[in-house]
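Structural overview for review
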Amino acid sequence: MSVTIVDGAAVDSISPQGYRRGHQQHSVLVQLVRFVLVGGLIATLNTVIFLVARVWWDALPANLVAVILSTAASTELNRRFTFRGARVRGRRLHAQTGIAVLCYAFSSSAVLLVLHLLVTGGTTPAQESVAVSMAGVLAALGRFLVLRNWVFRRSEAVDVGALQNVDVRHPNGVGLDRVLFLTADTGGGHRAAAEAISQALHSRYPGRFVAVVCDPLTGSEAHRLLRRLCRWYGPLTRGAPWLWSVIFHVTNAPVTLWIMRPLVRWLVVVPLVAALDRHRPRVVVSAHPLMVDAAVAARRRSEHHPSLVTVVTDLATAHRTWWHSQVDRTVTPSDELLRAARRAGAANVHGHPLGIPVREQFRSGSPPSEDKATLQAMLGVRPGRFVVLVTAGAEGGRGLEVWVRTIVSGLPEVDVVAVCGRNESLRAELCELAAPAGGRLLVTGYVDTMSDWIRCADLVVTKAGPSIIAEATSVGVPLLLPSHIPGQERGNADITVAAGAARRVRGRRHLIRQIDALRQDAAAMADMRAAATRFGRPHAAIRMAELVADAASTNADASAIAPLRKKAR
């Protein structure tokens, strides 16, 4: 799980590797009691396994099997119960388990051998029993210390590079109301929404809030199973979108949801509770669907009870995991999802759709023509040319290469900017195409200044992702939409095309015809730019920041009243 404390002004520098989750504050005594309880249970398990194994094997191999299995079970139970879901360090875990097996298997014999060597004249059964018991206690205590201080030790380290932009007047956010943003790097839209609202909080309420951005799914300290599953999102949506569509619709069924929610809860609730107790935020903002139910469960188990706000980052089609009956506010971006939220029984749905939140850099609108030329020259784009920006989201979808090659080969009057996102292999392939294109193709990877690149363009060719649609329309640039990710992006093109801010593209030849027609039709381009400006919601993040501030005030009032109510009882 990754946590980064940032000042709103410096939110662009958020590092997903930044701030590691802190050790959950349990005393040594509490952990020791839990360790003893686990030890009693494991002793019983060891006896049962030994008796079962004796049916087939002699005492020695049966005892060895019982020791190995019970030691492995003991380690896992201690991780989950004694140390409450601590992160597993593989090499240390295996080393500890091997040493423990050897100790448990041979410690009794070694102690008795030493006792016989030390005591002259023979030993009594009472002496042998005491010696073996004391050795067992010391071995167990040693194992407890090894587990606590080495195997399951939680890191308190802070990445200084991630914190170097924190406002020095409020180091670590002391004295400020904290807002915890739950997000994940499955696509770029979830983290972008969190950053946008964080920036808006800073600009709208300077000196009042500090953002804590938390990634329990793909961050450096996320559970290994979740991290591995979530990191398949990019390869699946790029290489096998049909398979992603199957996964989306299967997991969106009520029966599957009934199974999936407890599983996600089990994997992330413990670190979320630790984050709530450590940072004590006034508000928790869920900007990822898998975090909504987990946030509710974490609030139930935590000593701290923040307000819960869900910010939906899909545009026309949303997964059922977005909707929950126990959050304090649900914010939707469109009329379609406003109706869907009410049908699904989501709690406290805000009465008006607010749009997709975009970062501060997108709020200044479309630049005048002279500023656009200056910006193009600064970024290496040739001024005076008709420029098409081609992108396929943060993961760099597979259609991007086809679109770029089609435009470069079919429209010599057009310059192309290809933004490949995190897809480095695609970037390398397109860079080989740039040299023969004679300066007509500029290739880049993931960029933090996407607003400048979009402002340089006359058209954006992209898949129908909600974030890129929101960003392009916020600066008044029209779109051509050749594809979408099946599942959550279904319907996005319909909404944008109906508003006049985009056109659908069906195939390569149609793409060429659409770009060429718009390049030669200034009136049509002006109409699409005006429609894009009307459709865009550049100030959505400001409106959401106001809702978050209101939720923080409500939570502060409730926190002040709670002790008075308790005293009155």
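Not measured: the values here are computed from a predicted model.

Looking now at the overall build of the chain. A count of helices and strands for the chain gives 21 helices and 13 strands. When the 569 residues of the chain are sorted by exposure, 53% land in the buried category. Taking all contacts inside the chain whose residues are at least 6 apart in sequence as the whole, residues at least 24 apart take part in 70%. Put simply, the chain shows about 26,100 Å² of open surface, and 59% of that area lies on carbon and sulfur atoms.

What follows is about the packing of aromatic side chains. According to the stated counting rule, one finds two aromatic pairs in the structure shown. Their ring planes at 80° and their centres at 5.9 Å tell us that Y205 and F209 sit as a pair that is edge-to-face. Between Y233 and W244, the aromatic rings sit 5.0 Å apart at their centres with planes inclined by 90°, giving edge-to-face as the arrangement. Remark: W244 occurs in helix α9 (residues 241–251) and Y233 occurs in helix α8 (residues 233–239); sequence separation between them is 11 residues. For Y233, a relative accessible area of 11% corresponds to the buried category. Between R204 and the ring centre of Y205, over which it is positioned, the NZ or CZ distance is 5.1 Å. Stacked on the ring of Y205, the Lys or Arg R208 has its end atom at 5.5 Å from the ring centre.

With that out of the way, let us pick up the packing of helix α10 (residues 254–279) against helix α11 (residues 289–301). Relative placement of two packed helices is described by the angle separating their axes and the distance separating the axes. Two numbers describe how α10 lies on α11: the axes approach to 8 Å, and their chain directions differ by 55°. Taken together, the axis directions place α10 and α11 in an arrangement best described as oblique. Between α10 and α11 the crossing geometry is right-handed. Packed against α10, whose contacting residues are M260, R261, V264, R265, V268, V269, V270, L272, V273 and L276, the element α11 presents L290, M291, D293, A294, A295, A297, A298, R299 and R301 at the interface.

A few words now on the environment of I247. Relative to the elements of secondary structure, I247 occurs in helix α9. On a C-alpha basis, the gap between I247 and G487 in space is 8.9 Å, while along the polypeptide they are 240 residues apart.

Counting across every chain of the model gives 18 salt bridges. A salt bridge links E471 to R359; the nearest nitrogen and oxygen atoms lie 3.4 Å apart. Of the two residues, E471 sits in helix α17 (residues 466–474) while R359 sits in the loop between α12 (335–344) and α13 (369–379), which places them 112 residues apart along the sequence. Each member of the pair E471 and R359 is classed as buried.

Turning next to the sheet that holds strand β8 (residues 386–391). Spatially, the six strands line up as an open sheet ordered β10-β9-β8-β11-β12-β13, and their pairing is parallel. Unpaired on one side and paired on the other, β10 (441–444) and β13 (502–504) mark the two borders of the sheet. On average, each strand axis in the sheet is inclined to that of its neighbour by 20°, with strand direction left out of account. Relative to strand β11 (residues 459–463), β8 runs parallel, the two being bridged by four bridges. Bridge pairing in β11 links T391 to T462.

All right, on to the environment of P281 then. Tracing the chain through its elements places P281 in the loop between α10 and β5 (283–286). With 26 residues separating them along the chain, P281 and S307 place their C-alpha atoms 8.6 Å apart.

Before going further, it helps to examine the confidence of the model for the chain. Model confidence for the chain is summarised by a mean pLDDT of 79, while 76% of its residues fall at 70 or above. Ignoring residues within four places in sequence, the model shows residues 5–26, a span with pLDDT below 50, making 91 contacts including any to other chains. With pLDDT under 50 throughout, residues 155–173 is counted as low confidence; its partners more than four residues away or in other chains account for 38 contacts.

What follows deals with the environment of F35. Relative to the helices and strands, F35 resides in helix α1 (residues 28–53). Exposure remark for F35: the relative accessible area of 10% places this residue in the buried category. When the C-alpha positions of F35 and R143 are compared, they lie 9.9 Å apart, and in sequence the two are 108 residues distant.

Once that is clear, we can look at the packing of helix α14 (residues 399–410) against helix α15 (residues 424–434). The N-to-C vectors of α14 and α15 enclose an angle of 10°; their axes lie 10 Å apart at closest approach. With respect to their mutual orientation, α14 and α15 come out roughly parallel. Along its contact with α14, which presents L400, E401, V404 and R405, the element α15 presents L426, E429, L430 and L433. Its residues assigned to classes, the contact of α14 with α15 shows five nonpolar, no polar and three charged.

Now for the nonpolar core. Generally speaking, soluble globular proteins have nonpolar side chains that are buried together. Membership of the largest hydrophobic core comes to 38 residues, with the highest contact counts inside it found for L180, L182, L217, V268, L272, V284 and W323. Listed by contribution, the elements that provide at least two residues to this core are β3 (177–182), β4 (209–215), α7 (224–230), α10, α11 and α12. A per-element tally of this core places α10 first, with nine residues. When sequence neighbours within four positions are dropped, the list of residues in contact with V268 reads P216, L217, L226, M291 and A294. V404, V414, I512 and I515 belong to the second-largest nonpolar core, a separate cluster that totals 32 residues.

Next up on the list: the pairing of β10. In the sheet, strand β9 (residues 414–419) pairs with β10 via four bridges, with the strands oriented parallel. Bridging from a neighbouring strand, A418 pairs with V443 of β10. With respect to chirality, the unit in which β9 leads through α15 into the neighbouring parallel β10 is right-handed.

This paragraph deals with the state of the cysteines. Under the definition given, this model contains zero disulfides. C420 supplies the cysteine sulfur nearest to C431, a cysteine that is in no disulfide, at a spacing of 7.1 Å. Of the residues examined, C431 reaches a relative accessible area of 38% and is grouped as partly exposed.

Our next topic: the side chain of T444. One can find T444 in strand β10. Apart from the residues lying within four places of it in its own chain, the contact partners of T444 are A418, V419, C420 and R427.

A few words now on a nonpolar patch on the surface. On the surface, V48, V52, V55, W56 and W57 cluster together into a nonpolar patch covering about 560 Å² of accessible area. Along the chain, the position of W57 falls in the loop between α1 and α2 (59–82). The partly exposed category is assigned to W57, whose relative accessible area is 43%.

A few words now on α11. When you tally the buried positions in α11, you get 10 out of 13 residues, the bulk of the element. Among all positions of α11, only P289, M291, V292, D293, A294, A295, V296, A297, A298 and R299 are buried. In the core, the buried residues of α11 are packed alongside β3, α6 (189–204), α10, β5 and β6 (307–311).

Procedures and definitions
- Along each chain, residues carry numbers from 1 onward, in the same order as the chain's sequence is written.
- The model is predicted, so local features are restricted to residues of pLDDT at least 70 and side-chain atom pairs to those at 80 or more, both for listing and for counting; the totals for chains, interfaces and linings are taken over all residues.
- Side-chain metrics rest on all non-hydrogen atoms present in the structure, leaving aside hydrogens and water.
- The secondary structure listing takes helices from DSSP runs of H or I that are at least 4 residues long and strands from runs of E that are at least 2 residues long, numbered from the N terminus.
- Three exposure classes are used, based on accessible area relative to the maximum for each residue type with a 1.4 Å probe and protein chains only: buried under 20%, partly exposed in between, and exposed over 50%.
- Should any heavy atoms of two residues lie within 4.5 Å, those residues are considered in contact.
- Here, Shrake-Rupley sampling with a 1.4 Å probe gives the accessible areas, and only protein chains in the shown set may cover a residue.
- We call Phe, Tyr and Trp rings a pair once their centres come within 6.5 Å, taking the six-membered ring for Trp, and we label the pair stacked below 30 degrees between planes, edge-to-face above 60, and tilted otherwise.
- Here, over-ring charges are defined by two tests on the NZ atom of lysine or the CZ atom of arginine: distance to the ring centre within 6 Å, and angle to the ring normal within 35 degrees.
- Between the N-to-C directions of two axes lies an angle of 0 to 180 degrees, each axis being a line fitted to C-alpha atoms and, for a helix, fitted only over the stretch in contact.
- Put simply, angles under 35 degrees are roughly parallel, angles over 145 are roughly antiparallel, angles from 65 to 115 are roughly perpendicular, and the rest are oblique.
- Each crossing is labelled by how the near helix is turned from the far one, with a counterclockwise turn of less than a right angle marking it left-handed and a clockwise turn marking it right-handed.
- By salt bridge we mean one thing: a side-chain nitrogen of Lys or Arg within 4 Å of a carboxyl oxygen of Asp or Glu.
- At least two bridges found by DSSP between two strands is the condition for calling them paired.
- Each residue carries a pLDDT score, the predictor's own confidence in it, on a scale running from 0 to 100.
- Amino acids are sorted into nonpolar (Ala, Val, Leu, Ile, Met, Phe, Trp, Tyr, Cys and Pro), charged (Asp, Glu, Lys and Arg) and polar (every other residue, Gly among them).
- Here, the term nonpolar core denotes a set of buried Ala, Val, Leu, Ile, Met, Phe, Trp, Tyr and Cys residues that are joined through side-chain atoms within 4.5 Å.
- Call a crossover right-handed when, viewed with both strands pointing away from you, the route from the first strand across the helix to the second goes clockwise.
- The rule for a disulfide is simple: a pair of cysteine sulfur atoms within 2.5 Å.
- Nonpolar side chains (Val, Leu, Ile, Met, Phe, Trp, Tyr) are joined into patches within 5 Å and like charges within 9 Å, using only residues with over 30% relative accessible area and no salt bridge.

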